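One letter stands for each residue in the lines below.
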Amino acid sequence: MNVHPIMVGAFASNCFIAHNEQREALIIDPGDDADVIIQHVRREELSVAAILITHGHVDHVSALAAVHRAFPVPIAMHPVDADWAFSESNQMPPYYGVPDAPEQIERELSEGQTWTDIGYTYQVLELPGHSPGHVGFYFPEQHALFSGDVVFQGSVGRTDLPGGDGRVLTQSLKRLAELPDETIIYCGHGPSTTIRDEKRQNPYLSYVANRKP
Ligand SMILES: [Zn+2]
Ligand SMILES: [Zn+2]
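A brief structural summary. No experiment lies behind these values; they were computed from the predicted model shown.

So, the coordination of the zinc ion (ligand 1)
Here is step 1 of the chain: Of the protein atoms, only His 55 (NE2), His 57 (ND1), His 130 (NE2) and Asp 149 (OD) coordinate the zinc ion (ligand 1), at distances of 2.1 to 2.4 Å.
Here is step 2 of the chain: Taken together, the four donor atoms coordinating the zinc ion (ligand 1) span angles of 88 to 172 degrees at the metal, a pattern that classifies the geometry as irregular.
Here is step 3 of the chain: Here the donor residues of the zinc ion (ligand 1) are spaced in sequence according to H-x1-H-x72-H-x18-D.
Here is step 4 of the chain: Between the zinc ion (ligand 1) and the zinc ion (ligand 2) the interatomic distance comes to 3.4 Å, and Asp 149 is a ligand of both metals. On the criterion of sequence distance, the pair formed by His 57 in the loop between β4 (47-52) and α2 (58-61) and His 130 in the loop between β8 (120-126) and β9 (135-139) is long-range, its members being 73 residues apart.

As for the nonpolar core
Here is step 1 of the chain: Counting residues in hydrophobic clusters, the biggest one holds 25 residues, and the most contacted among them are Ile 17, Ile 27, Ile 37, Ile 51 and Val 67.
Here is step 2 of the chain: Elements represented by at least two residues in this core include exactly β1 (2-8), β2 (13-19), β3 (24-28), α1 (34-43), β4, α3 (64-70), β5 (75-77) and α4 (79-85).
Here is step 3 of the chain: Among all residues touching Val 67, those that are not within four sequence positions of it are Ile 27, Pro 30, Ala 34, Ile 37, Ile 38 and Ile 51.
Here is step 4 of the chain: By size, the runner-up hydrophobic cluster in this structure holds 19 residues, among which are Val 3, Leu 52, Phe 139 and Ala 144.

Things to note about the coordination of the zinc ion (ligand 2)
Here is step 1 of the chain: The protein atoms that coordinate the zinc ion (ligand 2) are Asp 59 (OD), His 60 (NE2), Asp 149 (OD) and His 189 (NE2), at distances spanning 2.1 Å.
Here is step 2 of the chain: Taken in chain order, the donor set of the zinc ion (ligand 2) reads D-H-x88-D-x39-H.

What to know about the packing of helix α5 (residues 166-177) against helix α7 (residues 203-210)
Here is step 1 of the chain: Packing of α5 against α7 leaves a shortest axis separation of 9 Å and a crossing angle of 75 degrees. When the axis of α5 is compared with that of α7, the two are roughly perpendicular. The residues of α7 that touch α5, namely those facing Thr 170, Leu 173, Lys 174 and Ala 177, are Tyr 204, Leu 205, Val 208 and Ala 209.
Here is step 2 of the chain: Here the contact of α5 with α7 is built from residues that sort into six nonpolar, one polar and one charged.

Calculation notes
Residues numbered from 1 in each chain as written. Chains lettered and ligands numbered in written order. Predicted model: local features only at pLDDT ≥ 70, side-chain atom pairs only at ≥ 80, totals over all residues. Heavy atoms only, no water. Donors = N, O, S within 2.8 Å, 3.2 Å for Na, K, Ca; no water. Tetrahedral: all angles 85-135°; square planar, octahedral: opposite > 155°, others 65-115°. Helix = DSSP H or I, 4+ residues; strand = E, 2+ residues; numbered from the N terminus. Core = buried A, V, L, I, M, F, W, Y, C linked by side-chain atoms within 4.5 Å. Buried < 20%, exposed > 50% of the residue type's maximum accessible area, 1.4 Å probe, protein only. Contact = heavy atoms within 4.5 Å. Axes fitted to C-alpha atoms, helices over the stretch in contact; angles between N-to-C directions. Parallel < 35°, antiparallel > 145°, perpendicular 65-115°, else oblique. Nonpolar A, V, L, I, M, F, W, Y, C, P; charged D, E, K, R; others polar.

Below is the structure:
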């Protein structure tokens, strides 16, 4: 699996384009700058199979409707976040735009689902705490996790936005700490890292990994 990050928008979010040898692709978190994402896909001659959303915050869904119009393929998102993501309650000061709603969200994600797209099988992990309907996409064969805003290199997602909860986030971090060390974490902001590195250098992940239950 070839994974290409595109940094988009005022919050410098990572939109990831993951593709296989046949140039079939998944778009993860089209957060802003729809034109840049669409042009990248066309220039690389990729054929998009699905659009995956880790969570509903503006900086992860603001280009969703436009990208979906360009590539009308199934959108996968957790219904708990889809509920508020395209409404006034999704404003993030000092930026006051409400994301356009896509025509339809074909796949309602939930814990434990397994999906296969472009020849890769991945699991849906519910990882609430940063937002209530936050999910991670875990590709065990490819040792890859698209983790949205749950964990970053050296840090974790904020819990002060509506629906955020620090105790709930701690439970989600505990789940991540149980994934294989070699798992590559593709974060919603900043560089990619691994479970091994974060257990060593991330104070939050090392804390939950070493704490007795
Ligand atoms: Zn977020
Ligand atoms: Zn974000």
